[in-house]
Amino acid sequence: MAPPRGPLRRYYTPYEVAMHNTPDDLWVSFLGGVYNITDLVEEHQGTLAAPLIAAAGKDISHWFDPSTGDPKRHVCPVTHLERYYTPMGRFIHVPPPEPMSNWDTGFGQPWWKNAKRYQIGFLSARTRVVRIRNVLTDQEDQIEVPCEEKLVEIRERYLDLNAHARSYTWKAIIQDKDTGAHAFKELDLNLTLAENGVPDEGPTFEDHHVPGDYYIPVLHVYWNDDLTVA
């Protein structure tokens, strides 16, 4: 399989999937998974690859029936027979609408049934934006992260902006559930932001029609001075 640009992750944002949008670097997402199908398209060059190339970097969940994992089906208005529904164009491993003697079924399972071969991770169900303030340098960066990620995974993302990210202690202002008081607390790297007490206010903002950037939580990173080599 063609190696992905950047590190492999458990979860990807839609933006990260969208970056891989060419025939020689082709990712798609569907039904919650993220797939690198570069090799699939290369192995099946021709017209049946065209719909997948056109969908590069996009989510194609609407092509599939979530209850079966197969492409959606419909009753053809001309033949009145049930067929795969491919308004985007017939794609790789989708059989022709009519019987054909030259249709080769030797490929075994269609690629979407053998998707684990191409899966590199999961598509985040929801992302959120956080600000990371480096207390040592007073530099602040803003990044988008999947809500499902643990803080240790967010730290790996921060490595792109700070090569010494592993040498910092992470803290945030957390509200005590019992007293309601706010205080700086060290965050647990093995928990998500929400589990650490940094809630995602996005849904509430959306319900009240408040701009998503009205409030962006700040994570403070404190240098440990352990001289970690970048």
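Rules used throughout
- Residues numbered from 1 in each chain as written.
- Predicted model: local features only at pLDDT ≥ 70, side-chain atom pairs only at ≥ 80, totals over all residues.
- Heavy atoms only, no water.
- Pairing = 2+ DSSP bridges.
- Helix = DSSP H or I, 4+ residues; strand = E, 2+ residues; numbered from the N terminus.
- Core = buried A, V, L, I, M, F, W, Y, C linked by side-chain atoms within 4.5 Å.
- Buried < 20%, exposed > 50% of the residue type's maximum accessible area, 1.4 Å probe, protein only.
- Contact = heavy atoms within 4.5 Å.
- UniProt positions renumbered as here; feature names shortened; annotations may be inferred.
- Salt bridge = Lys/Arg side-chain N within 4 Å of Asp/Glu carboxyl O.
- Phe/Tyr/Trp six-rings, centres within 6.5 Å; stacked < 30°, edge-to-face > 60°.

### Regarding the pairing of strand E12 (residues 218-223)
Taken together, the 4 bridges between strand E8 (residues 127-134) and E12 define a ladder with parallel strand orientation. Among the inter-strand pairings, Arg133 is bridged to a residue of E12, identified as His220. Note that strand E10 (residues 168-175) and E12 share 4 bridges and pair antiparallel. Following the sheet pairing, Trp170 is matched in E12 by Val221.

### Notes on the sheet that holds strand E2 (residues 21-22)
Two orientations exist for strands paired in a sheet by backbone hydrogen bonds: parallel and antiparallel. Overall, mixed pairing links the 5 strands, which are arranged E1-E7-E4-E3-E2 in an open sheet. Looking at strand neighbours, the two that pair on one side only are strand E1 (11-12) and E2, the edges of this open sheet. In terms of strand pairing, strand E4 (residues 33-36) meets strand E7 (residues 119-123) through 3 bridges, oriented antiparallel. Bridged to Gly33 within E7 is Phe122.

### Quick look at the nonpolar core
Counting 21 residues, the largest nonpolar core has Phe30, Ile37, Leu52, Ile60, Phe64, Phe91 and Trp111 as the members making the most contacts within it. Mapped by element, the contributors of at least two residues to this core are strand E3 (25-30) and helix H2 (38-43). Tallying contributions element by element places E3 first for this core, with 3 residues. Each residue touching Leu52, except ones within four places of it in the same chain, is listed here: Leu26, Ile37, Leu40, Val41, Ile60, Trp63, Phe91, Ile92 and Trp111. Of all hydrophobic cores here, the second largest spans 18 residues; its members include Ile143, Ala165, Trp170 and Ala172.

### Quick word on the UniProt feature "domain: Cytochrome b5 heme-binding" (unreviewed entry) in the chain
Under the UniProt annotation, "domain: Cytochrome b5 heme-binding" (unreviewed entry) lies at residues 9-74. Counted over residues 9-74, helix gives 24% and strand 24%. Its end C-alpha atoms are 36 Å apart.

### A few points about the pattern of salt bridges
Per the stated rule, a full pass over the model turns up 13 salt bridges. The salt bridge partner of Arg117 is Glu43, with a shortest N-O separation of 3.3 Å. Here the residue Arg117 occupies a position in the loop between strand E6 (82-84) and E7, and Glu43 occupies one in helix H2, the gap between them amounting to 74 residues. Salt bridges linked by common partners bring Arg9, Glu16, Glu149, Arg157 and Asp160 together as one network.

### Description of the packing of aromatic side chains
The full count for this structure, using the stated rule, is 15 aromatic pairs. Considering the side-chain rings of Tyr84 and Trp112, the 6.5 Å spacing of their centres and the 75 degrees angle between planes classify their relative orientation as edge-to-face. Taken together, the residues span a long stretch of sequence, with Tyr84 in strand E6 and Trp112 in the loop between E6 and E7 at a distance of 28 residues. Take Tyr84: its relative accessible area is 22%, and that puts it in the partly exposed class. For Trp112, a relative accessible area of 6% puts it in the buried group. For the ring pair Tyr158 and Trp170, a centre distance of 5.6 Å and an interplane angle of 80 degrees mean the geometry is edge-to-face. One end of the pair, Tyr158, is in helix H4 (residues 151-158); the other, Trp170, is in strand E10, and 12 residues separate them in sequence. Taken together, Phe30, Tyr35, Trp63, Phe64, Tyr84, Phe91, Trp111 and Trp112 form an aromatic cluster joined through their ring pairs.

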